[in-house]
Amino acid sequence: MSGPVVSVSGTTGTEDGSTTGSTGRGDEGTGEPQSDGRARRRDVPTATYRLQVSADFSLDDAAAVAGYLADLGVSHAYASPLLRSASGSTHGYDTVDHAHIDESRGGQAGFDRLVAALHEHGLGLVLDLVPNHMGVADPAEAPWWWDVLQHGRDSAHAAAFDIDWEFGDGRVRIPVLGSADDVEKLELVDGELRYYDNRFPIAPGTEEGTPQEVHDRQHYELVDWRRADRDLNYRRFFAINTLAGLRAEDPEVFRATHDLVLRLVEDGAVDGLRIDHPDGLADPKGYLDRLAEASGGRWTVVEKILEPGEDLPESWATAGTTGYDALAEVDDVLVDPAGEAALTALDTELSGRPVDYAELVRACKREVTDGILGSEVARLVRVIGELGGAGIAAVDTGTQEEALAELLASFPVYRTYLPDGREHLDATVAAVRERRPDLTAALDALHPVLSQAGTEAATRFEQTSGPVMAKGVEDSAYYRWARFVALNEVGGDPARFGVTVDEFHEAQRRRVERKPESMTALTTHDTKRSEDVRARLAVLAELPTEWAQLVRELLDRHPLGDPPMAHLVWQNLVGAWPLSRERAHGYAEKAAREAGTSTTWTDVDEEFEARLHALVDAAFDDARTNAAIERFVARIAPSGRSNSLSQKLLQLTMPGVPDVYQGTELWDLSLVDPDNRRPVDYALRRRLLAQLEAGEVPTVDETGAAKLLVVSRTLRARREHPEWFAGYEPVTATGSAAGHVVAYDRGSGEQGGAVTVATRLPVGLAGAGGWGDTALPLPNGSWQDLLTGGRYVSDAAGLPLAPVLERLPVALLVRN
């Protein structure tokens, strides 16, 4: 474990916040350091930094922070989707034209300037790509969709969309009308059909007559928006009517939708790819094989949410996932399992009964199959019915649909990829058969049909089970079960109340063996709470009795007819405090409507929401309540910061390619979108980073400078010394506080590497009197902490932790 120590000072700031000494792109892909020690662009990133590019944070704005990102220590910027998207889109996941860079974000010229700025500072670019669907909110903006609506099956682009032309008499059903009677409000304007601000094309030769007569001749039918739950005939992304599914499995569709991006890859402008929602694709493996061949095997990760214990199919041509699995591993090891009983008792008290989370999930998923995704389930029934056969024919369609809905609601993972994952289908059929013996005949008929890899029936079941899981769990059950919302996160399991350090180590061994180049993450644009909110809320598991007492007091003063929802809101307010009143109200309203227990997006209960908003206002206006919140936040915030630094160091040093979501290099107390997409103050971050270059170790305070220190020093070490992060070996502490540390050596074999040391359960540690005689059994000799610069000696008794963790709750050690 020899080698030079990473420098923590000595760089000189320039006007844009970068450091001098950058020599441009240099030898691409070599991984060799530049003259200033900064790594050149690599085939595999050492770390990425996610940027949410929009009209408000354009490609030129992204280019302006390239120097800062290089100084921070990443090797690649990681951009949200950049192809032309729907007008006003703040996220880019609603692509309307795959042939152009979005003009509102800066267009091709802005993209070229971003790439030039990144290359100037030795950085590469990872691009988010959306192959599953296309934005169709305004048909006039989406040329392919417009052409399909105008020409129907004869459109050159008809095969691009996943449309059931036989259902609906050959017309695409568009759910935009306020009611069926609104067809009378259609108008003919400039050769188009108009419904208020909605524009639709007119097929050649059908222009004569009233607007209603013209409408009746079109290849589309405008219908009441309420029919979307049952009568649509095109596949959507989840239940979003304005995102129409694409048939990326068609080679011509793949070519047309990927042509520009692949040219950018070939030209060296794009170095890696992130694939959005692969679970929506008919053939994810085939898609990834085609993409790998077309891109020359560029580093590619997929936004695949794995359930605990689930692995990616080994046959997939991908480096791994976008990191939700890593997020859960890190979060869980910092949760105190001793708090489960008290928090469960509180939840039972507020719910009026013990909550069976597995049954809650099943019920939420049934609401989805019977509600917002009813059109997709109905299409699956039609496909199976067309197969015929004695078994299927003997079961009426109503029973078939009930059986399919039960299978979808009971499925334990997002989807299978037959033949991969067949065991999940078999187990689900068995479980439903046991619970619903009345469906035995239907299950016996459906099981062989759904097991045949590559058939339309099996494929559509796979494409449907993922959205049912996402909407039923992430967007419903997570908002209904408020026992301990720190665990209610994408990729997590709220029923699993933490993991042991040994379980964490085992997960990392598997990670380094199976997917060592997979992305790791703690915060994304889709997480329910930022990493720092979850880190603070994790403290509740160490103080469950104090928290329960506060919750009861708050509910007594501000009762709500839905106590679990009140509990969820109070947890999130405490987790994100201090936050603006506007942010608090926005979160509470969204959470309540997503939960759907007392109010919904489509059936707002104004009386309930008024009481909910009054509860939020009380946090700001009721002096007693406000003081109680301030006191409790002051009580848990220091331990929350300790957790934040620990989870960040774990994520940045665990096997994989770490991503830093924009702004989270400082404390970021954000809630679910759109709260987590607020502007980032890069001027502040530049100033703080420049101050760190003086070598002074910051205190762990509200500025977040300590987190910036951890992020920058660790990322630089990974970029400049990848050999320090090539393996994984647990380091087991000894002494009275051994259970309060997670430690591991990332070296490979006899060649040691960087040793991560992270505090866990800080409240309990303080209560036990600190580190005492706790030590790490490291090889004898001198060690240096890359974070603080401190030097320490390990001897036969090991390396004492008390001096190592005196200034920060974490350390990154290398042999001196």
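Structure: above.
What this report covers is the structure whose coordinates are included nearby.

Procedures and definitions
- Residues numbered from 1 in each chain as written.
- Predicted model: local features only at pLDDT ≥ 70, side-chain atom pairs only at ≥ 80, totals over all residues.
- Heavy atoms only, no water.
- Core = buried A, V, L, I, M, F, W, Y, C linked by side-chain atoms within 4.5 Å.
- Buried < 20%, exposed > 50% of the residue type's maximum accessible area, 1.4 Å probe, protein only.
- Contact = heavy atoms within 4.5 Å.
- Helix = DSSP H or I, 4+ residues; strand = E, 2+ residues; numbered from the N terminus.
- Lys, Arg positive; Asp, Glu negative; His and termini not counted.
- Salt bridge = Lys/Arg side-chain N within 4 Å of Asp/Glu carboxyl O.
- Phe/Tyr/Trp six-rings, centres within 6.5 Å; stacked < 30°, edge-to-face > 60°.
- Lys NZ or Arg CZ within 6 Å of the ring centre and 35° of its normal.
- Pairing = 2+ DSSP bridges.
- Axes fitted to C-alpha atoms, helices over the stretch in contact; angles between N-to-C directions.
- Left-handed = near helix turned anticlockwise from the far one by under 90°.

1. Remarks on the nonpolar core
One broad rule of soluble globular proteins: the nonpolar side chains tend to lie buried together. L51, L69, F111, Y287 and L650 are the most contacted members of the largest nonpolar core, which has 90 residues in total. When near neighbours in sequence (up to four residues on either side) are disregarded, L69 contacts Y49, L51, V74, A77 and L123. Grouped together as the second largest cluster of nonpolar side chains are 54 residues, Y479, V551, W577 and A619 included.

2. So, the side chain of D336
Checked against the element boundaries, D336 lands in the loop between α8 (324–333) and α9 (340–351). An unpaired buried charge is present at D336: no salt bridge exists, and R760, the closest side chain of opposite charge, is 6.4 Å distant. In contact with D336, other than residues within four places in its own chain, are F497, A541, E542 and L761.

3. Concerning the packing of aromatic side chains
Across all of its chains, the model carries 17 aromatic pairs by this definition. Relative to F238, the ring of F237 has its centre 4.1 Å away and its plane inclined at 15 degrees; by these criteria the two rings are stacked. Considered together, F237 and F238 belong to a single accessibility category, that of buried residues. Seen in terms of ring centroids, Y728 and Y744 are 4.7 Å apart; in terms of plane orientation they differ by 35 degrees. Their pairing is tilted. Of this pair, Y728 sits in the loop between α25 (705–720) and β19 (729–730) while Y744 sits in strand β20 (residues 741–745), placing them 16 residues apart in sequence. Y744 shares its class with Y728; the two are buried. Aromatic ring contacts, followed pair by pair, group Y49, F57, Y68 and Y682 into a single cluster. The ring of Y78 has R50 sitting right over it, with the charged end atom 4.7 Å from the ring centre.

4. Remarks on the environment of L334
Along the chain, L334 turns up in the loop between α8 and α9. What makes L334 buried here is its relative accessible area of 3%. Separated by 302 residues in the primary sequence, L334 and I636 place their C-alpha atoms 14 Å from one another. Ignoring sequence-local partners within four residues, the contact set of L334 consists of A538, N643, S646, Q647, L650, T759, R760 and L761.

5. Re the sheet that holds strand β13 (residues 240–245)
Reading across the sheet, the three strands line up as β6-β13-β12 and stay open at both edges, with antiparallel pairing between neighbours. Looking at which strands have only one partner, the edges of the open sheet turn out to be β6 (133–135) and β12 (236–237). In this sheet, β13 lies alongside β6 in antiparallel orientation, the contact comprising three bridges. Bridging across to β13, H133 finds its partner in G245.

6. Looking at the packing of helix α13 (residues 397–410) against helix α15 (residues 440–450)
In contact at an axis separation of 10 Å, α13 and α15 are set at 65 degrees when each is read in the N-to-C sense. α13 and α15 meet at a crossing whose hand is right-handed. Between α13, through T399, Q400, A403, L404 and L407, and α15, the contact on the second element is made entirely by A442, L443, L446 and L450.

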